[in-house]
Amino acid sequence: MSVFTRTDVTAVKFYKNYVLAGIGSTVNLFHKTSTKLLQRLSGLYGQKIYGFVPSQYGDKIFVFGGKQFTVVSLSDPEQSNEGTDLLCRLFEPVVCDDWLHSAVWINKDVIALLTAHNVVQKWDIKAGTLTSQHASKDNSILYSGLLLKLEEDVLVMAGTVFSEVIIHKCGAERPLHHLKGHKGVIFSISCEPSRNIIVTTSDDRSVRIWGPDNEPTHPGTTVEYWKDTNIVCKHEVYGHLARVMRSCITNDLIISVGEDSAICYWDYEGKLLKKALTHQNGCIWSVDSDNTTLVTGGGDCGVILHPLTIATDYSYNEIIDVGVASPKKVIFTARKNLLVMDENVLVYYDFISKVKSTHKLNHDSTYKLLSISSCKQLIAIADMTGKLDVFLEKCKDDAFILNIIDTKLQLGKILSMHWAGNRHLVFCSDDGNVSVLASNNATVEIVARFVLPFCKERWLTASAIDSGSKYFVLGDRCGNIHIFVKEQKDPVKSFSKVHGRYGPTSINIVNNDIITTGRDGTIMYFTIQGDGIKRLSAKDLAFEWVEKFLDKDQNLVCGFQERVFVVYNIKDNCKVIETPCGGGHRSWDAVRYFEKVNEKYEECIKFVYLKDAAINITTFQLSKITSTNLVHGSHAKEINCLKALKLNDDAVYISGGEDTTLRISSVDAVNFKDEVAFKHLSSIRTLKTHAIDDNRFLIMSAGGRAQICIKDVQILKENGTIRVKSEELVDHFIRGTDKERKGNQTWRNCSIDFDPEMRIMDLDLLKYKDDFVIFAGCSDSHLRVFSYKNKSKKLELINESKYHNTCILKTKIITILNKTTLITCTTRGDVTMWDISDVINCNFEPFFSTKTNKSGINALATANLPENQLLVATGGDDNSIHIILLEIPDQDYLGSMIMLNSWQSSNFHSSQITGLCLVGNYMLSSSIDQRVTLLSWSVKERNIVCEFVSQTSTDVADVQGMDLLEFNGDSITVCVFGKGMEVINVPTNQE
Amino acid sequence: MGKTSKDKRDIYYRLAKEEGWRARSAFKLLQINEEHNIFKGVTRAVDLCAAPGSWSQVLTKNLRQNAQNVDDVKIVAVDLQAMAALPGVIQIQGDITKVSTANSIIQEFEGLKADLVVCDGAPDVTGLHDIDEYVQSQLLLAALNITTHVLKYGGVFVAKIFRGKDVSLLYSQLKQFFEHVTVSKPRSSRNSSIEAFVVCKNYQPPEGYIPNMVNPLLDHKYCDFNQFTGPNRVIVPFNACGDLSAYDSDTSYPLLLEGQTSYEYKEPVQSPINPPYKEILEKTRNIQIKNT
């Protein structure tokens with residue numbers, strides 16, 4: 001029984017107030033406005049759903065995919081009892097003899113289907129019988145097709161492998177039209193005859209818009225329309241960077257989705273109105289629209305709603321004139337009003353009353369620094385010579401600003417000025433001298449003096465103070481972050497080169513966490529722990545210039561991607577706003593607020609920037625442009641490794657995949673959601689965990705580019721929400737980083753590096769006193785041993801074996817006779833045992849080796865038996881499961897092993913076996929053929945007995961493995977992972 | 001990515017270039033032959049979906065020795081796409097689902113039938129495994145269909161399959177036409193790949209079977225759902241082929257292989273002739289489509 005499934009979403013459909021999504025073989029019903037999942041219903045048998053076709057004759061929906069179809073009915077929630085299911089499957093799936101591409105209801109009981117060999121079949125749904133079929137002469141395989149109901153007939157549009165669309169009337173001898181022009185396979189055809197539009201998408205990356213070359217005289221539902229018109233390609237448009245998968249047509253838009261995870265919004269004339277990236281770089285497989293909202297289903301397992309206003313009503317733009325000819329600085333205040341500064345004046349502009357007030361600035365030098373406090377009510381302006389003005393914005397009644405401080409400082413040449421919180425102004429002058437000032441009535445006094453360590457550009461780019469006013473956190477222009485305390489001139493702690501050569505752009509302190517942003521595309525997290533400050537982790541964003549957060553939760557971050565202003569949602573991993581403005585090298589500011597629009601509080605973001613001496617203001621109403629997740633996306637490609645953990649009542653999944661990310665996800669009653677994602681340089685092949693305490697553990701992950709990462713992860717639950725705190729301990733490249741390997745060579749004169757590009761295929765770890773020993777099986781056939789020392793946080797190669805000749809696929813540490821033993825498996829089907837009880841000093845030679853499978857071993861499981869016996873099960877590329885029974889002859893000496901018995905079978909799977917679990921007297925195997933087999937095993941008089949119990953199928957394609965969640969005697973619960981994941985409950989007592 | 005990265009990542013890619021094969025797949029056919037001896041006595045062979053032509057290259061090299069007169073060896077390569085010419089290979093640019101193509105093959109063999117038909121064709125994969133597997137199985141069945149027209153009784157058929165969730169349906173279909181059906185995985189095919197090859201020996205069509213191309217050959221379907229899961233699915237014997245000492249396609253090798261003293265980068269033997277993305281590359285050469 002499937003508990004939950006996450007895989008490619010290959011069908012989505014709006015229906016009344018609902019959204020239907022085909023996730024694997026299940027039909028998922030969501031409420032459109034509440035976005036709640038109302039029901040999950042088994043639709044087809046082990047077959048992905050590719051389409052929903054609601055009947056125009058009643059509340060029935062035709063569901064099809066592959067060669068199967070069924071019909072579900074939807075009852076009216078008003079009339080049905082609370083708690084009863086809304087969706088109901090009317091009959092078991094019917095299996096046709098060919099793949100289905102399209103379906104259309106002919107009347108309330110008859111449906112016409114188009115197969116992949118261009119055959120139209122008519123089925124009587126009520127009787128469950130095929131009533132007629134018409135085969136076209138063009139019967140080469142179709143990649144796409146569309147049926148259209150005409151008044152009396154059915155029109156067929158067939159997308160052939162020969163890059164053309166053939167249109168014919170069902171049953172007619174000769175086709176009516178050949179739409180030629182695409183250079184690749186046609187992936188989809190959409191048609192809206194009432195608007196004279198046909199849209200095709202293709203392998204050749206183009207979208208083509210077709211239509212009659214002159215105004216048709218007959219309506220689109222008649223045969224005459226299709227006979228009399230001449231259909232031509234009106235627009236051939238390019239917007240996608242990869243193959244274009246699907247399209248849909250709305251009242252005024254054409255929307256195409258592609259493999260490049262882009263949604264392109266076009267008008268009917270083929271003009272690209274908007275392009276949005278979504279689904280975390282995964283392919284978008286399915287799309288539908290109800291004329292106000294778009295729904296997409298993707299390869300990241302997500303289902304997302306997008307308002308169509310994203311294309312038509314993205315932002316409100318205006319240019320305002322405050323009477324300043326060449327403004328130099330713009331900034332928003334606490335009341336969301338605007339301050340504009342030029343060489344001589346500061347103008348305060350009230351957006352509501354449209355009143356502006358001008359304050360003259362009497363400074364000696366024209367180069368002025370401006371900084372606004374955390375509360376945004378205090379504005380400090382200083383020039384290089386030390387003239388300082390501080391203004392206060394009134395927080396109540398009429399909006400205006402007051403000059404509260406007007407003084408001259410004697411600090412030498414001032415290079416930078418920043419607020420730290422709302423009370424302290426941090427100045428940096430020559431030679432790295434930092435002075436912290438606080439106000440005392442109408443004057444200011446110096447409360448602390450620091451000296452920045454020497455660096456090339458010795459001034460500050462950001463500063464902050466913690467809530468206890470103990471720590472000043474200052475960032476210098478060389479990217480270093482220094483922690484100072486009031487009484488000490490030198491930093492108590494320095495983190496060097498945190499944020500690249502432009503220095504941190506902002507520093508935020510929330511409770512005990514320090515969060516910094518920089519122009520190196522990262523957010524860094526630190527924590528104040530007791531008396532120390534520790535660097536935790538880094539988050540890479542999809543854009544270089546990360547400037548600051550717009551909300552208190554540090555979730556919305558803004559910055560620039562080349563010429564475009566970007567607002568990014570960290571939790572949802574998506575861009576919220578993208579608007580071109582010319583780039584970050586200009587004065588600009590952004591503010592987030594709530595505003596009452598049509599009796600509803602709407603979240604808005606206002607962005608101001610200077611361009612060509614004009615003050616541009618762009619306002620975004622987020623509900624018009626923000627997408628909503630019905631199902632959260634996760635890995636965009638295959639999951640290679642996964643570990644499920646139970647923390648109190650919550651299940652937590654740690655997974656690593658082909659998309660180079662390591663993710664920690666939580667599951668509550670309804671939702672699966674990524675809490676954090678970490679990046680590797682290449683695909684992640686393996687991960688192992690080691691528990692430190694109930695909610696804290698180490699994660700070791702490794703994979704391509706010979707990279708190993710170790711993280712210390714803590715999972716906290718606060719007010720019902722899960723929070724993940726992580727510290728990156730090790731990011732190690734066995735072959736060294738690119739820089740270490742190549743030095744400063746440019747790509748032109750780069751000499752050839754003869755070392756192989758090696759991948760780590762699997763690893764396991766062993767606690768050794770206070771530290772760890774890590775065994776890594778590598779693709780260059782070497783087995784490498786590392787030590788990891790808790791104290792130094794360094795990984796060190798301590799041993800290496802070249803015993804194997806081919807790629808090592810599996811490494812696993814077990815304990816037999818109180819001795820730790822390592823098992824390695826290779827692409828040649830070898831199973832090898834190593835005594836590692838004295839790992840540092842051992843000569844590192846295996847003591848036993850045998851060959852089980854004919855080729856690569858992709859799955860390994862073991863069980864310890866009484867009397868020095870060990871059971872080893874392997875599953876491989878050769879479709880077969882092997883079990884060997886081993887015995888250690890000498891209790892005191894782990895120097896040899898004897899194979900007592902072996903068992904093998906290749907009857908249960910027709911493809912590679914990638915997962916094995918031994919639980920109690922059961923064995924579960926999973927395979928790329930999408931079957932999970934339950935076997936029972938026992939050892940009787942040194943003989944292995946293994947018998948088939950049952951088999952079930954999974955919707956997850958390309959199964960890479962299986963992790964055991966629970967075994968309670970009556971059933972085994974496992975998580976199968978690959979292209980998606982599925983939690984399956986397998987009962988052990990078969991009735 | 002450096003020029004040599006691909007050479008490092010894939011030993012067979014590199015060896016193919018060094019030994020003059022148009023694609024690394026050449027090694028797969030060579031290794032299948034090592035195990036199954038499929039070239040023995042073959043003088044008339046058909047290579048379906050031949051482009052870029054590496055299997056035809058293998059056939060020309062290996063079949064020559066089977067006849068005293070080299071001209072008695074006939075190799076016909078069929079593909080929808082154009083393929084760069086190969087000496088000793090007769091090319092037919094045609095659709096394997098058309099009777100006319102079958103007739104032209106037989107014409108080339110002067111009315112005789114082929115001893116061996118091979119097919120290494122694969123569709124453009126979409127990334128959805130079930131569709132890819134289905135399209136691949138249809139390609140194989142189209143190849144089987146034309147094979148029933150051109151293959152002699154007792155002949156051998158070798159074709160690429162994807163071992164996906166419904167591959168057992170294909171096995172049961174093939175078993176109707178051949179006495180021995182096995183699935184083989186050459187060492188040069190990656191462990192992680194779902195690709196494998198069916199080697200079908202002793203062509204014996206069902207009694208009364210008349211080759212027919214009007215209707216496509218459809219794959220079998222699960223009769224009832226008892227067969228969809230369970231121990232009674234049709235599963236054919238598997239073997240890994242290729243010498244144990246052969247290079248392993250999953251292993252990373254250094255550029256200097258054992259026994260070598262120098263390495264020289266080689267360009268690919270044959271670059272693609274007309275890929276579907278050609279047009280967009282030309283059209284967008286001067287304008288940038290950016291994801292912003």
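Residues numbered from 1 in each chain as written. Chains lettered and ligands numbered in written order. Predicted model: local features only at pLDDT ≥ 70, side-chain atom pairs only at ≥ 80, totals over all residues. Heavy atoms only, no water.

*Asks:* Break down the overall build of chain B for me, citing the residues and quoting the values.
*Replies:* Tallying secondary structure elements over chain B gives 8 helices and 8 strands in all. Taken over C-alpha atoms, the radius of gyration comes to 20 Å for chain B, in line with the 19 Å a tight globule of 292 residues would show. Based on the C-alpha atoms only, the size of chain B along its principal axes is roughly 60 × 55 × 45 Å. The proportion of buried residues among the 292 residues of chain B is 58%. Counting only contacts in chain B whose residues sit at least 6 apart along the sequence, the fraction spanning at least 24 positions is 74%. (Helix = DSSP H or I, 4+ residues; strand = E, 2+ residues; numbered from the N terminus. Rg over C-alpha atoms; globule rule 2.2 N^0.38 Å. Buried < 20%, exposed > 50% of the residue type's maximum accessible area, 1.4 Å probe, protein only. Contact = heavy atoms within 4.5 Å.)

*Asks:* Please set out the nonpolar core residue by residue, giving values where relevant.
*Replies:* Residues and elements named next belong to chain B. Leu48, Ile105, Phe157, Ile161, Phe178 and Val198 are the most contacted members of the largest nonpolar core, which has 42 residues in total. Here the element with the most residues in this core is helix α6 (residues 129-150); it accounts for 7 residues. Excluding residues within four positions of it along the chain, Val198 makes contact with Leu140, Phe157, Val158, Ala159, Ile161, Tyr171, Leu174, Val181, Thr182 and Val183. Formed by 35 residues, the second largest nonpolar core is a distinct cluster that contains Ala26, Val58, Val158 and Tyr253. (Core = buried A, V, L, I, M, F, W, Y, C linked by side-chain atoms within 4.5 Å.)

*Asks:* Now, about the sheet that holds strand β2 (residues 74-79) of chain B: what can you tell me, with residues and values included?
*Replies:* All names here are of chain B. An order of β3-β2-β1-β4-β5-β7-β6-β8 is seen for the 8 strands of this open sheet, with the pairing classed as mixed. Of all the strands in the sheet, just β3 (90-93) and β8 (238-241) have a single pairing partner and so form its edges. Direction aside, the axes of adjacent strands within the sheet are offset by 20 degrees on average. One ladder, built from 4 bridges, connects strand β1 (residues 44-48) with strand β4 (residues 114-119); its direction is parallel. When the bridges of β4 are listed, Leu48 appears paired with Cys119. (Pairing = 2+ DSSP bridges. Axes fitted to C-alpha atoms, helices over the stretch in contact; angles between N-to-C directions.)

*Asks:* So what's going on with the UniProt feature "repeat: WD" (unreviewed entry) in chain A? Residues and values would help.
*Replies:* UniProt records the feature "repeat: WD" (unreviewed entry) for residues 179-210 of chain A in the present numbering. The annotated region residues 179-210 of chain A carries 0% helix and 62% strand content, and the separation between its end C-alpha atoms amounts to 8 Å. (UniProt positions renumbered as here; feature names shortened; annotations may be inferred.)

*Asks:* Describe helix α2 (residues 11-19) of chain B, listing the residues and the values that go with them.
*Replies:* Helical geometry: 3.6 residues make up each α-helical turn, so side chains three or four residues apart lie on a common side. Residues and elements named next belong to chain B. Those residues of α2 that fall on the buried side of the exposure criterion are Ile11, Tyr12, Arg14, Leu15, Ala16 and Lys17. As for α2, its buried residues are in contact with α1 (5-9) and α3 (26-36). Of the residues flanking the start of α2, the one acting as N-cap is Asp10, its side-chain oxygen 3.0 Å from the backbone nitrogen of Tyr12. Just downstream of α2 lies Gly20, where phi reads positive at about 85 degrees. (Polar contact = N/O pair within 3.5 Å; in protein donor to acceptor, adjacent residues only side chain to side chain.)

*Asks:* Explain the domain arrangement of chain A residue by residue, including any values.
*Replies:* Parsing chain A into structural domains produces domain 1 (326-563) and domain 2 (854-987). Computed over C-alpha atoms, the centres of domain 1 of chain A and domain 2 of chain A are 60 Å apart. (Domains from an automatic or database assignment.)

*Asks:* Describe in detail the sheet that holds strand β13 (residues 119-124) of chain A, supporting the description with residues and values.
*Replies:* Residues and elements named next belong to chain A. With antiparallel pairing, the 4 strands of this open sheet are ordered in space as β11-β12-β13-β14. Edge positions in the open sheet fall to β11 (100-105) and β14 (129-135), since each of these has one partner strand only. Mean inter-strand twist for the sheet, computed between neighbouring axes without regard to direction, equals 20 degrees. Note that strand β12 (residues 110-115) and β13 share 5 bridges and pair antiparallel. For Ala112, the partnering residue across the bridge sits in β13 and is Lys122.

*Asks:* Any details on the interface of chain B and chain A? Residues and values, ideally.
*Replies:* Across the boundary between the two partners, chain B contributes 71 residues, which contact 87 residues of chain A. Summed over both partners, the interface of chain B with chain A buries about 6,600 Å², with 54% contributed by carbon and sulfur atoms. Between the two partners, chain B and chain A, sit 3 salt bridges. For B:Arg163, the salt bridge is made with A:Asp877, and the minimal N-O distance between the two is 3.0 Å. Linking chain B with chain A are 24 residue pairs in polar contact (both at pLDDT 80 or more). Top element by residues in the side of chain B that touches chain A is α6(B). It accounts for 6 residues. Residues of the side of chain B that touches chain A, tallied by class, amount to 33 nonpolar, 20 polar and 18 charged. (Buried area = accessible area lost by both parts, 1.4 Å probe. Salt bridge = Lys/Arg side-chain N within 4 Å of Asp/Glu carboxyl O. Nonpolar A, V, L, I, M, F, W, Y, C, P; charged D, E, K, R; others polar.)

*Asks:* I'd like to hear about the pairing of strand β29 (residues 303-307) of chain A, residue by residue, with values.
*Replies:* Residue and element names in this part refer to chain A. Of all the 5 residues making up β29, 5 are buried; the element is thus mostly covered by neighbouring parts of the structure. A two-sided burial pattern is seen for β29, the buried positions comprising Val303, Leu305 and Pro307 on one face and Ile304 and His306 on the other. In this sheet, β29 lies alongside strand β28 (residues 293-298) in antiparallel orientation, the contact comprising 5 bridges. Residue pairing for β29: Val295 is matched across the bridge by Leu305.

*Asks:* Mind laying out empty space enclosed by the protein, listing which residues take part and the relevant values?
*Replies:* Within this structure, the stated rule accounts for 9 cavities of 30 Å³ or more. Looking at the largest cavity, it is lined by 22 residues, and the ones nearest its centre are A:Lys67, B:Asp166, B:Leu169, B:Asp219 and B:Tyr222. Top element by residues in the lining of the largest cavity is α6(B). It accounts for 5 residues. Here the lining of the largest cavity is built from residues that sort into 11 nonpolar, 4 polar and 7 charged. Its volume calculated, the second largest cavity comes out at about 100 Å³. Partitioning the lining of the second largest cavity into residue classes produces 2 nonpolar, 6 polar and 7 charged. (1 Å grid on protein atoms, 1.4 Å probe; cavity = no way out; pocket = protein on both sides within 12 Å on 5 of 7 lines; lining within 4 Å. Points joined across faces, edges and corners; volume = space filled by probe spheres on them.)

*Asks:* If you had to explain a negative patch on the surface to someone new, which residues and values would you point to?
*Replies:* Residue and element names in this part refer to chain A. Taken together, the side chains of Glu151, Glu152, Glu224 and Asp228 make up a negatively charged region of the molecular surface. Relative to the helices and strands, Glu151 is located in the loop between β15 (142-149) and β16 (154-160). Using a relative accessible area of 52% as the deciding quantity, one classes Glu151 as exposed. (Patch = residues over 30% accessible without salt bridge, like charges linked within 9 Å, V, L, I, M, F, W, Y side chains within 5 Å. Areas by Shrake-Rupley, 256 points an atom, 1.4 Å probe, with all protein chains shown as cover. Lys, Arg positive; Asp, Glu negative; His and termini not counted. Charge placed at Lys NZ, Arg CZ, Asp CG, Glu CD.)

*Asks:* An account of the packing of α3(B) against helix α4 (residues 54-63) of chain B is needed here, citing residue identities and associated values.
*Replies:* All names here are of chain B. Close contact between α3 and α4 brings their axes to 8 Å; oriented N to C, the two are set at 45 degrees. For the element pair α3 / α4, the angle class is oblique. Here α3 runs over α4; the crossing is right-handed. Counting all contacts with α3, which are made through Ala26, Leu29 and Leu30, the residues of α4 involved are Ser54, Trp55, Val58, Leu59 and Asn62. (Parallel < 35°, antiparallel > 145°, perpendicular 65-115°, else oblique. Left-handed = near helix turned anticlockwise from the far one by under 90°.)

*Asks:* Tell me about the UniProt feature "domain: Ribosomal RNA methyltransferase FtsJ" (unreviewed entry) in chain B, and please be specific about residues and values.
*Replies:* Under the UniProt annotation, "domain: Ribosomal RNA methyltransferase FtsJ" (unreviewed entry) lies at residues 21-203 of chain B. End C-alpha to end C-alpha, residues 21-203 of chain B measures 30 Å, and it is 34% helix and 28% strand.

*Asks:* Could you give an account of the pattern of salt bridges, with specific residues and numbers?
*Replies:* All names here are of chain A. A complete count under the given rule lists 50 salt bridges over all chains for this structure. For the salt bridge of Glu578 with Lys575, the shortest nitrogen-to-oxygen distance reads 3.6 Å. Residue Arg663 pairs with Asp659 through a salt bridge whose shortest N-O separation is 3.4 Å. Given a relative accessible area of 15%, Asp659 falls into the buried group. Connected through shared salt-bridge partners, Asp513, Glu718, Arg723 and Lys725 make up one network.

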